[in-house]
Amino acid sequence: YRVDFYADLNKDGVYTPPQGTPPTGYPDHQWRIQGDTTFAEGTAGLTNVGGAVAITMAHNATWTDIDWPGYEKNSPGVYTLKLSLTSFAPHAEQKIEGRVIDTATRVEVARANVVGAPEVSLDFGKVLVESHTYRVDFYADLNRDGAYSAPVGNPPTAWPDHQWRIASDSDFVTGSAGLANVAGNVALSMSHNARWTNIEWPK
């Protein structure tokens, strides 16, 4: 393993990469700790892990560009994703949780949740990489057990929760085409409907 971390020196609330190549300025201070790092103690434990690892580091100026996700230098564009839900009164005060999956790699890239209301949004932030294609899976915790409940039966005969899958060709979601070959910020809008499906939410 390695550990990347930063201190928000310029206090703008986000990671700021070093300026210049090679760097001539560090608006934030950022470090990368690996198994062979010499400015911290206990780093050897990161290689071929055999037990608990405890690392100790004193402040120092061994800063480096850690390529924080969404703020990499010389990388493809990274864009925001927001899902606005309307007519969701049936799920008021219930947990609504969603996740974003890269359809090529099948890797989850973001997750968000909100308390349900008639008009509510899942804001996933800056998570979409240019030219990639994604889907959004989300559910409303209808039975209020605090977790995803899969449909009952095959084919389903009961829906303890309500769950949806949004793909780039979903005709019940405005803006869904933006999920394919992402070229900018994506804003999705969906009214409550019964297009439920088993989204195979990870346990």
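Note: the structure precedes this text.
The structure displayed is predicted, hence computed values, not measured ones.

The rules behind each value
Residues numbered from 1 in each chain as written. Predicted model: local features only at pLDDT ≥ 70, side-chain atom pairs only at ≥ 80, totals over all residues. Heavy atoms only, no water. Salt bridge = Lys/Arg side-chain N within 4 Å of Asp/Glu carboxyl O. Phe/Tyr/Trp six-rings, centres within 6.5 Å; stacked < 30°, edge-to-face > 60°. Buried < 20%, exposed > 50% of the residue type's maximum accessible area, 1.4 Å probe, protein only. Helix = DSSP H or I, 4+ residues; strand = E, 2+ residues; numbered from the N terminus. Pairing = 2+ DSSP bridges. Axes fitted to C-alpha atoms, helices over the stretch in contact; angles between N-to-C directions.

Q: So what exactly am I meant to see when it comes to the pattern of salt bridges here?
A: Evaluated as defined, the whole model comprises 9 salt bridges. Between E108 and R99 there is a salt bridge, and its shortest N-O distance comes to 2.9 Å. Residues joined by salt bridges that share partners form a network here, namely K95, E97, R99, E108 and R111.

Q: Looking at this structure, I do not really get the packing of aromatic side chains. What am I missing?
A: For any two aromatic rings, the description comes down to two numbers: the centre-to-centre distance and the angle of the planes. All told, the structure shown has 11 aromatic pairs when counted by the stated rule. Note on Y6 and Y15: the rings are 5.2 Å apart at their centroids and 75° apart in plane angle, and the pair reads as edge-to-face. For Y6, a relative accessible area of 25% gives the class partly exposed. We classify Y15 as buried; its relative accessible area is 1%. Note on Y139 and W201: the rings are 5.0 Å apart at their centroids and 75° apart in plane angle, and the pair reads as edge-to-face. One end of the pair, Y139, is in strand β9 (residues 134-140); the other, W201, is in the segment after β11 (186-191), and 62 residues separate them in sequence. Take Y139 and W201: they sit in the same class, and that class is buried. Three or more aromatic residues link up through ring pairs in this structure, and these residues are Y6, Y15 and W68.

Q: Help me understand the environment of G178, please; the structure alone is not making it clear to me.
A: Tracing the sequence through the fold places G178 in the loop between β10 (162-166) and β11. For the pair G178 and L81, spaced 97 residues apart in sequence, the C-alpha to C-alpha distance is 9.7 Å.

Q: Any chance you could explain the sheet that holds strand β6 (residues 95-102) here in plain terms?
A: Where strands meet in a sheet, backbone hydrogen bonds hold them as pairs that are either parallel or antiparallel. In spatial order, the strands read β7-β6-β9-β10; together these 4 strands make up an open sheet with antiparallel pairing. Single-partner strands in this sheet number two, and they are β7 (107-115) and β10. Adjacent strand axes in the sheet meet at a mean angle of 15°, parallel and antiparallel pairs treated alike. Two strands pair when backbone bridges link them, and β6 and β9 are joined in this way by 7 bridges, in the antiparallel orientation. For R99, the partnering residue across the bridge sits in β9 and is D137.

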